[in-house]
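Next come the chains, spelled out residue by residue.
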Amino acid sequence: MNGSSWQSHPLTMIPGVGPARRAALHHLGIHCVADLLHYYPLRYDEDTKEHDFTAEAGTVIAVATVSGEARVRFARGKSLLSLPVVIHQTPMHALFFNQTYLRSQFSVGMTLRLHGRYDPARKTITVTRHERPSKHNALRSITPVYAVSSSISVTTLRQIMSAALRCVWEQLRDVLPGEIITHFRLPSYAEALRMIHFPDTFSDVHQARRRLIFEEFFRYQLHLQLLRDEIASERTTSLDADRFYEGSESFVRALPFQLTDGQRCAIEELSQELIGTSPMRRLLQGDVGSGKTAVAFALAAGLARAGCQTALMAPTAILAEQHYRDAVRMLHPLGVTVALKTSETSESTVSGNPSKRGECTEDLIIGTHTLASPALSYRHLRLAVIDEQHRFGVGIRRALREKGNGTSVLHLSATPIPRSLALTLYGDLAVTTLRERPKDRLPIKTQHVTTSDQTSVFRLLRIELAKGHQAYVVAPRIRPDDVDEEIKSAEKLYEEMVAELGVARVALVHGQMNDKERQHAMREFVAGRTQVLVATSMIEVGVSVLNATVMIVYGAERFGLATLHQLRGRVGRSTYPSYCILVADPAGNTAKARIEALLSSQDGFELAERDLTLRGPGELLGARQSGLPSFAIGDPLTDLRIMEVARDTAESALGDRSFWLLPSYQLLRESVLRELESKME
Ligand code: ADP
Ligand code: MG
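Not measured: the values here are computed from a predicted model.

(A) Just the overall build of the protein, in detail. Along its length, the protein carries 22 helices and 23 strands. Contacts in the protein between residues far apart in sequence, at least 24 positions, make up 72% of those at least 6 positions apart. Split by element, the accessible area of the protein, about 29700 Å² in all, is 52% carbon and sulfur.

(B) Geometry of the sheet that holds strand S15 (residues 381-386). Judged by pairing direction, the sheet is parallel, and its 7 strands sit side by side in the order S11-S13-S10-S15-S16-S9-S17 without closing on themselves. Of all the strands in the sheet, the pair left with one neighbour each is strand S11 (338-341) and strand S17 (430-434). Adjacent strand axes in the sheet meet at a mean angle of 20°, parallel and antiparallel pairs treated alike. Here S11 runs beside strand S13 (residues 364-367); their pairing, made up of 4 bridges, is parallel. Bridge pairing in S13 places Leu340 opposite Ile366.

(C) Examining empty space enclosed by the protein more closely. Counted under the stated rule, the structure contains 5 cavities of 30 Å³ or more. Taken as a whole, the largest cavity holds about 140 Å³ of empty space. What lines the largest cavity is simply Leu224, Leu227, Ile231, Arg281, Ile386, Val394, Arg397, Arg398, Arg401, Val409 and His411. Of all the secondary-structure elements, those providing two or more residues to the lining of the largest cavity are helix H6 (202-232), helix H12 (394-401) and strand S16 (408-413). Ranked by residues supplied to the lining of the largest cavity, first place goes to H12 with 4 residues. For the lining of the largest cavity, the residue count by class is 6 nonpolar, 1 polar and 4 charged. Approximately 100 Å³ is the volume attributed to the second largest cavity.

(D) Up close: the pairing of strand S21 (residues 532-535). Covered by surrounding structure in S21 are Val532 and Val534 together with Leu533 and Ala535, the residues of both alternating faces. Pairing geometry for strand S19 (residues 470-474) and S21, over 4 bridges, is parallel. In the sheet register, Val474 faces S21, and the bridge partner there is Ala535. Once you follow strand S20 (residues 506-509) into helix H16 (residues 515-526) and on to S21, the crossover reads as right-handed.

(E) Representation of the packing of H6 against helix H22 (residues 666-677) within the structure. Across the interface, H6 lies against H22 with an axial gap of 10 Å and an inter-helix angle of 60°. In terms of crossing hand, the pair formed by H6 and H22 is right-handed. Residues Phe218, Arg219, Leu222, His223, Leu226 and Leu227 of H6 form the contact with H22, whose participating residues are Leu668, Ser671, Val672, Leu673, Glu675 and Leu676. Its residues placed into classes, the contact of H6 with H22 shows 8 nonpolar, 2 polar and 2 charged.

(F) Representation of the nonpolar core in the model. Of all hydrophobic cores here, the largest spans 77 residues; its most connected members are Ile14, Leu25, Leu36, Leu37, Leu172, Phe214 and Phe218. The dominant element in this core, judged by the number of residues it contributes, is H6, at 12 residues. Split by domain, this core shows at least three residues from each of two domains, domain 1 (1-45 + 146-173) and domain 3 (241-434). If we ignore the near neighbours within four places in the chain, the residues touching Leu36 are Leu11, Ile14, Leu25, Ile30, Leu157, Ile160, Met161, Ala164 and His197.

(G) H6, seen in detail. Its 31 residues place the ends of H6 44 Å apart at the C-alpha level, agreeing with the 45 Å of an ideal helix rising 1.5 Å per residue. Taken across its 31 residues, H6 has 22 buried, putting it largely inside the fold.

(H) Representation of the site of ligand 1 in the model. The environment of ligand 1 is formed by 16 residues, the closest being Gln258, Gly289, Lys292, Thr293 and Arg441. Taking Gln263, its side chain carries an N or O atom lying 2.9 Å from a nitrogen atom of ligand 1. Within the backbone of Gly289, an N or O atom sits 2.6 Å from an oxygen atom of ligand 1. For ligand 1, the protein covers 88% of the area, taking 570 Å² as the surface of the free molecule. Partitioned by chemical class, the residues of the shell around ligand 1 number 5 nonpolar, 7 polar and 4 charged.

About the criteria used
- Residues numbered from 1 in each chain as written.
- Chains lettered and ligands numbered in written order.
- Predicted model: local features only at pLDDT ≥ 70, side-chain atom pairs only at ≥ 80, totals over all residues.
- Heavy atoms only, no water.
- Helix = DSSP H or I, 4+ residues; strand = E, 2+ residues; numbered from the N terminus.
- Contact = heavy atoms within 4.5 Å.
- Areas by Shrake-Rupley, 256 points an atom, 1.4 Å probe, with all protein chains shown as cover.
- Pairing = 2+ DSSP bridges.
- Axes fitted to C-alpha atoms, helices over the stretch in contact; angles between N-to-C directions.
- 1 Å grid on protein atoms, 1.4 Å probe; cavity = no way out; pocket = protein on both sides within 12 Å on 5 of 7 lines; lining within 4 Å.
- Points joined across faces, edges and corners; volume = space filled by probe spheres on them.
- Nonpolar A, V, L, I, M, F, W, Y, C, P; charged D, E, K, R; others polar.
- Buried < 20%, exposed > 50% of the residue type's maximum accessible area, 1.4 Å probe, protein only.
- Right-handed = clockwise from strand over helix to strand, strands pointing away.
- Left-handed = near helix turned anticlockwise from the far one by under 90°.
- Core = buried A, V, L, I, M, F, W, Y, C linked by side-chain atoms within 4.5 Å.
- Domains from an automatic or database assignment.
- Expected span 1.5 Å × (residues − 1).
- Near = heavy atom within 4 Å.
- Polar contact = N/O pair within 3.5 Å; in protein donor to acceptor, adjacent residues only side chain to side chain.

This is the structure in structure tokens:
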């Protein structure tokens, strides 16, 4: 793909998109035409319930004819638009909440496609989404569903999508070499985009996904293998092994606890590799709370004594600060100097001596992605540790590594994955695994209660808060929803907790708050100034508040097994007894089995295996595995077969040099190399 092509076209070139719609699209993270066309549906709704839908209550999609004037009512602080319609010869009312402005858009005789919840007693459909049949959705039987916000509807998004496709159709060129497309019988790029957004059948969706996922994985594998070849040829200077061991051993001796056997073996294995002359590339995986950071600190202590630097990159400022505090406590007394660099702190450090601008001289530098920014340089960066590594792209990890000469890389991951999958996903990364948790930890008492059983939740909360402990309360969504009122939202739970426990004790964090507000709320909780943190599942990664003993997950049936296990791992990090309450009314068998699995096991490896067998095809697009590299459309677990094919294809294209030599690879080659150069994502 070439740079000046349709990809970077501004959104306003699409007919029907002005400043307002452009702003709404920005809100969804869509900034150019390419972003838009790659904004894939979350799932597809099928029309199967249409024929017998008058029989029972439930979610329906139906074609309706408007049969009268819309009327507006107000009730319980909401406005309600009630529209008479006929569906399959049955008169009923379509209800729209808080959308009175729609009134003028309906006229008698008009055909609408309605999505919503049907109530047979009242003969109403509470509409979540409606659309007018158009050329691109001529009442077809499957409808893509997108993640949208309140400022743009799915209908509008689909209109824009259709206009955009028409607009750039002639310019959509295939990046994949023709021989690959022929060999795997893939549809063309343009066809794949049409079929993913406007499919006629599920077979269209399948074909389109196969094509788009293959390209995504193929690019990923090319990156991975190009970097691997680059690193394989690197050498590093040898290190004073005696001093290294002196440093790491003094760290281990000073620890207030006994290392687990796993930690001790890991330190030994990694040390040997670090003092060698080829840079280390390793993944250290271990369940939440298995103590991966201590392993990294032991290496940093050794390297510091040998005169080299270590960088530790964390996915959020909060996590970086947490590591920084731990490092200061454990490493300062040994004479190891430590610095913190996040986008907030770097401004203040720049104000010093201008010639020293951005030079890191400390032994251990802890921070966020800022650590890889061009503004920072290092004295002698020997080891880059990447915490929760799946949060960072290939480019940023490379940028950090290139801050040194022959820098070793240690990835930390809390998502245990089988060795074969690790090889496919991370290339030739060697894997070290921490299997046990520290001995002094009690099992986390895990319990399942139904939504109606609020009293036992509050009872436990009161008892634990009275002891001075802290609690997390997690909800599956940020704000309430008119249709699924029974699903708890973070905002609603926050109100309930405040009413029950008082405003001073409760804080709220979620992904739609700005960074400042979110960090403020997190810091208050980490510092113990608030006792209850109400949040969405965004808190799953890494935060460690030893004093927190309660994790309550509402709507637990809506989370994947891996996410629930990570959430549970936020408690039980000290010697206090801890509790995890899963509030759920699981309907399907899979949801029940997930809850059962959590009640019966606390072992992340075992749960990861069960997760694989429990994931049904229905979850293909929605429930992403946390802790694995994330892709726009593919899922490395469920689409593993495609990943393997992509890996083999990349291997042979690089092996026989067709990637470098063949004209059919030119577009792909240019694009892959350009992506690799634009390091900061
Ligand atoms: P994770 O592997 O989830 O990143 P951390 O490195 O954050 O785990 O460790 C969790 C907590 O356990 C930290 O407070 C750490 O100091 C402590 N810890 C690490 N190793 C041990 C051990 N062997 N015994 C007791 N506590 C430990
Ligand atoms: Mg960690």
